[in-house]
Amino acid sequence: MMQSVNTSSHNGITSFWLDREGLCTGTLIFGVGMRDEPPTFAGITHLVEHMLLRIAQPATVVHGGTVTTDSLQFYALGRPEDVAGFLNAIAAAVSTFEAVTDEVIALEKSVLEAEDAHKFSTVSAGLLTYRYGPSGVGAAQFGAPATAGLTKAEATEWARRWLTAANAALTFTGPLPSALDIRLPAGKPVSHHQDPPLITAPTLIRSRKQGVALSLLVPSHDAGLLCEALRYELLTRLRHAAGIIYSVENFTTAIDTDQSQLDLILDPVRQNSMPALREGVNTLRGIVDAGFSEDAVQSARHAVTAELGWDDYVPQDYLDQLAIDSLLGRRSRDRQELLDRATAISSAELTKTLRTSIGSLIVAFDKSAKLSKAEAGSLGLAIDRYEIWQRNNTPKNHQSAAEGDAEHPTWRHKSTHTTLALTPTRLMTHTSGKTKTIFLADVAVVGDRSCGCISLMDQRGRSCDLNMDEWKAGKKLRKKLLEAFPPEIIRSFPEE
Ligand SMILES: [Zn+2]
């Protein structure tokens, strides 16, 4: 008999729990994650998580907190009454959040910097950002330099809006302990917004990251099986036959109830980047034409069985996923249903799913590696340089009035012949006859760095840093730049 999941309500909080005695893991989950953060507030959920863990001290039971794309989670493991005590303390901390001092927030920001110094200071983009820009699920990957400038009022408002009984769920690997008494404000209903993808044709992105990554939008109900079957085929061709990669790391991100983004990260050494790109894309296209091998389908079945097919216990991840799905209004699939689907799926069905998804292919490729337009074209991919500085100086949907003739403030680079000009609608650089442009209306976040640099990020998550020390009259440039943008998108960033 498969162990089943019990559902009940604890003080208005939906709870998922198992019948098992002894030590347990208990998790308090809120339906707010990185996908809910606007680009100007990136990192705010993580800051709130740290603040609550701080307020809940001292806590001696084994415990922790985590922020994912979809959720904020606090967990503890040990004796049921100790686990309950910790989660009660976190809920109490939510109610006293407003009492924290600015000094304590500053202290916790420096803890966050120590946790991941790169993320704390740098804007970067990943596969979700390439597809969706820096909002919605795309927010999960572009760093969190806005953390440094977050105010107490902003963090308090964030907690007040999202950390409510209606937006919380509990999971326990045993019965709910009698000592559990989580009290949260009722709150108002929340909603999650997701814009459609910005890229809609097979595209190769020149990435700042090393290696090769493949990304597809696939139907959620077969995402797990498709992911495993693709991993198997990629390993067969690129590892076993060609010897150019070691592993295929995979990530699946639910976009909504129906769609998931499936990412496969390959790890060639630098000189094998190009062969890995070619072989990787050709493997996918080859499967579209000739179908998945029977072995690939079999390996996908085995992976699902190994993950979910345990008779005597429900995996913790599955339990937590039930809670997250319920918070985000997604339909969860029963463990048995997933196992049955794995048994029933055929190569033809899985191939058909890939065929209908292949148009969403995004390939991220090391920008330092050599690649011609023709080479990308032969793989059926358009090249996207993914640079905030646009070579095309024609405004897209912006005002089209000619600004070229008017006099605009211009700055000279201290050591090169480059100039920088600021017009009412754009920032332009001129270097040896070439002009590159950033349209001001495309900028989503302006980082006012403590070192004096200005960081710009646009609505696709592309970014650059301007060092004022490199320009003559840099102080004036800095002032003019900050005046050119609406104040609500200007945030304090740490030094780079
Ligand atoms: Zn942390």
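Quick caveat, the model's predicted, so the values are computed rather than measured. (Residues numbered from 1 in each chain as written. Predicted model: local features only at pLDDT ≥ 70, side-chain atom pairs only at ≥ 80, totals over all residues. Heavy atoms only, no water.)

**Quick look at the domain arrangement of the protein**
Stage number 1. Partitioning the protein into structural domains gives domain 1 (6-172), domain 2 (203-384) and domain 3 (410-493).
Stage number 2. When each unit is reduced to the centre of its C-alpha atoms, the spacing between domain 1 and domain 3 is 34 Å.
Stage number 3. Listed per partner, the contact involves 18 residues of domain 1 and 15 residues of domain 3.
Stage number 4. Taken together, both faces of the contact between domain 1 and domain 3 bury some 1100 Å²; the carbon and sulfur share is 60%.
Stage number 5. Sorting the residues of domain 1 by area buried against domain 3 places Thr40, Val123 and Pro134 first, and these three jointly supply 42% of that buried surface.
Stage number 6. Our count for the domain 1 to domain 3 interface comes out at 1 salt bridge.
Stage number 7. Among the ionic pairs, Glu154 bridges to Arg491, the shortest N-O distance being 2.8 Å.
Stage number 8. At the boundary of domain 1 and domain 3, one finds 4 residue pairs in polar contact (both at pLDDT 80 or more). (Domains from an automatic or database assignment. Contact = heavy atoms within 4.5 Å. Buried area = accessible area lost by both parts, 1.4 Å probe. Salt bridge = Lys/Arg side-chain N within 4 Å of Asp/Glu carboxyl O. Polar contact = N/O pair within 3.5 Å; in protein donor to acceptor, adjacent residues only side chain to side chain.)

**Description of the pattern of salt bridges**
Stage number 1. Under the counting rule described, the total for this entry stands at 24 salt bridges.
Stage number 2. The salt bridge involving Glu81 is made with Arg79; its shortest N-O contact spans 3.7 Å.
Stage number 3. For Glu81, a relative accessible area of 42% corresponds to the partly exposed category.
Stage number 4. Residue classification places Arg79 among the partly exposed positions, given a relative accessible area of 46%.
Stage number 5. In this structure, the salt-bridge partner of Lys367 is Glu387, at a minimum N-O distance of 3.7 Å. On the criterion of sequence distance, the pair formed by Lys367 in the loop between β11 (362-366) and α13 (373-378) and Glu387 in the loop between β12 (382-384) and β13 (410-412) is long-range, its members being 20 residues apart. (Buried < 20%, exposed > 50% of the residue type's maximum accessible area, 1.4 Å probe, protein only. Helix = DSSP H or I, 4+ residues; strand = E, 2+ residues; numbered from the N terminus.)

**Digging into unusual backbone geometry**
Stage number 1. With an omega of 0°, the peptide bond running from Gln57 to Pro58 counts as cis.
Stage number 2. The backbone of Asn11 shows a phi angle near 45°, a positive value even though the residue is not glycine.
Stage number 3. Mapped onto the elements of the fold, Asn11 is located in the loop between β1 (6-10) and β2 (13-17).
Stage number 4. Positive phi, normally seen in glycine, also occurs at Ser432, with a value near 35°.
Stage number 5. Tracing the backbone shows Ser432 in the loop between β15 (426-431) and β16 (434-439).

**Re the packing of aromatic side chains**
Stage number 1. Tallying each qualifying case throughout the model produces 4 aromatic pairs.
Stage number 2. With a centroid separation of 6.4 Å and an interplanar angle of 75°, the aromatic rings of Phe41 and Trp158 are classed as edge-to-face. Of this pair, Phe41 sits in the loop between β3 (24-30) and α1 (44-55) while Trp158 is found in helix α6 (residues 152-162), placing the two residues 117 residues apart along the sequence.
Stage number 3. In this structure Phe41 comes out as buried when scored by relative accessible area, which is 18%.
Stage number 4. Relative accessible area serves as the criterion here: at 4%, Trp158 is assigned to the buried category.
Stage number 5. Between Tyr130 and Tyr386, the aromatic rings sit 4.8 Å apart at their centres with planes inclined by 80°, giving edge-to-face as the arrangement. Taken together, the residues span a long stretch of sequence, with Tyr130 in helix α5 (residues 127-132) and Tyr386 in the loop between β12 and β13 at a distance of 256 residues. (Phe/Tyr/Trp six-rings, centres within 6.5 Å; stacked < 30°, edge-to-face > 60°.)

**What to know about the pairing of strand β7 (residues 203-207)**
Stage number 1. For β7, a buried count of 5 out of 5 residues is recorded, marking the element as mostly surrounded by other parts of the structure.
Stage number 2. Alternating positions in β7 separate into two faces, Thr203, Ile205 and Ser207 on one and Leu204 and Arg206 on the other, with burial throughout.
Stage number 3. Sheet analysis places β7 next to β11, joined by 5 bridges and oriented parallel. The partner of Ser207 across the bridge, within β11, is Asp366.
Stage number 4. Looking at chain direction, β7 and β12 are connected through 3 bridges and run parallel. Looking across to β12, one finds that Ile205 is bridged to Asp384. (Pairing = 2+ DSSP bridges.)

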